[in-house]
Amino acid sequence: MIPLRDDVEAQSAPVINVLLIAANIAAFLWMFTMPEAAITKWCIVPHRFLTQHSLDQIVTIFTAMFMHAGPAHLIGNMWFLWIFGDNVEDRMGHFEYLLFYLICGLGGSLVHIYVDPASTVPCLGASGAIAGVMGGYLVLFPSAKIRVMLDDFWLWSFRWPAWLVIGEWWVLQYVLGVVIHETSSHIGYFAHLGGFAVGMVLVMLFAKREPALTSNVDLAYEKYCRDQDITN
């Protein structure tokens with residue numbers, strides 16, 4: 001299932017969301033200039049993180065958050081961030097959203113380390129932070145409508161509520177994490193689940209704006225009501 005867009009109108013420009021996307025793209029391009037050993041240095045390696053107590057290892061929690069394993073990994077993450085991040089930033093404000101994003105990424109990384117502390121596989125990607133943004137979106141806009149395209153129905157799109165779209169994503173992450181974790185998958189499903197949980201828990205501490213009207217339909221209805229008042 002591929003989300004295409006949502007129907008929530010942001011009231012402010014998503015400055016931080018755009019900058020985060022730009023930073024992820026820049027970091028991905030920068031990786032092409034680095035040897036593999038240098039890339040691994042800036043990734044999270046759970047066993048290394050727990051055994052080498054240094055500032056360098058703490059820094060990897062944040063550097064790995066902006067690195068990606070390939071174009072598909074980058075594009076998928078940035079697409080989800082583009083769809084869900086602007087509205088969460090709108091409700092929080094710019095600085096608060098940035099802090100929220102980083103904390104969600106931190107939470108996702110720590111859960112990944114906790115679940116697989118002996119792993120020597122480098123872990124990288126913004127998925128934990130973006131999962132936190134999705135968790136925040138679910139709390140703030142559960143009834144928002146998401147236009148999605150199903151994998152087997154490329155010619156049609158469907159308009160589903162956010163709780164169903166994000167809920168289906170969460171169930172998939174949980175099932176794949178529990179089942180595939182034992183086969184040493186290189187995908188950090190528990191980082192996704194951890195970031196998502198952190199986002200759901202912390203979102204209301206960061207959200208400070210009143211909820212915006214949740215869709216274009218609501219906006220049109222409000223305009224109609226105003227026009228009727230003027231006419232009458």
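(A) Layout of the pattern of salt bridges. Overall, the coordinates contain two salt bridges when judged by the stated rule. For Arg 159, the salt bridge is made with Asp 7, and the minimal N-O distance between the two is 3.1 Å. Of this pair, Arg 159 sits in strand E3 (residues 158–161) while Asp 7 sits in the loop between strand E1 (2–6) and helix H1 (15–31), placing them 152 residues apart in sequence. You can call Arg 159 partly exposed: its relative accessible area is 41%. On the accessibility criterion, Asp 7 (10% relative accessible area) is buried. Across the pair Lys 208 and Glu 96 runs a salt bridge whose closest N-O atoms are separated by 3.2 Å. With Lys 208 in the loop between helix H9 (189–206) and helix H10 (216–231) and Glu 96 in helix H6 (residues 94–115), the pair connects residues that are 112 residues apart, well separated along the chain.

(B) Structural view of the sheet that holds E1. The strand order across the open sheet formed by three strands is E1-E2-E3, and the pairing between neighbours is antiparallel. In this open sheet, the two strands that pair with only one neighbour each are E1 and E3. Recorded for the sheet is a direction-independent mean angle of 40° between the axes of neighbouring strands. Where E1 and strand E2 (residues 145–149) come together, four bridges link them in antiparallel fashion. Bridge pairing in E2 places Ile 2 opposite Met 149. Each of E1 and E2 touches helix H5 (residues 71–92); the most contacted strand, E1, lies at about 30° to it.

(C) Geometry of the side chain of Gln 57. Within the secondary structure layout, Gln 57 lies in helix H4 (residues 55–63). On the basis of relative accessibility, which here comes to 5%, the residue Gln 57 falls in the buried class. Polar contacts involving the side chain of Gln 57 include one to the side chain of Arg 48, which spans 3.1 Å. With residues up to four places along the chain from it excluded, the contact list for Gln 57 reads Arg 48, Phe 49 and Gln 52.

(D) Representation of the confidence of the model for the chain within the structure. When pLDDT is averaged along the chain, the result is 85; 84% of the residues meet or exceed 70. In this model residues 212–219 is a low-confidence stretch, pLDDT under 50, and it forms 15 contacts with partners more than four residues away in sequence or in other chains.

Cut-offs used in this document
- Residues numbered from 1 in each chain as written.
- Predicted model: local features only at pLDDT ≥ 70, side-chain atom pairs only at ≥ 80, totals over all residues.
- Heavy atoms only, no water.
- Salt bridge = Lys/Arg side-chain N within 4 Å of Asp/Glu carboxyl O.
- Helix = DSSP H or I, 4+ residues; strand = E, 2+ residues; numbered from the N terminus.
- Buried < 20%, exposed > 50% of the residue type's maximum accessible area, 1.4 Å probe, protein only.
- Pairing = 2+ DSSP bridges.
- Axes fitted to C-alpha atoms, helices over the stretch in contact; angles between N-to-C directions.
- Contact = heavy atoms within 4.5 Å.
- Polar contact = N/O pair within 3.5 Å; in protein donor to acceptor, adjacent residues only side chain to side chain.
- pLDDT = per-residue confidence, 0-100.

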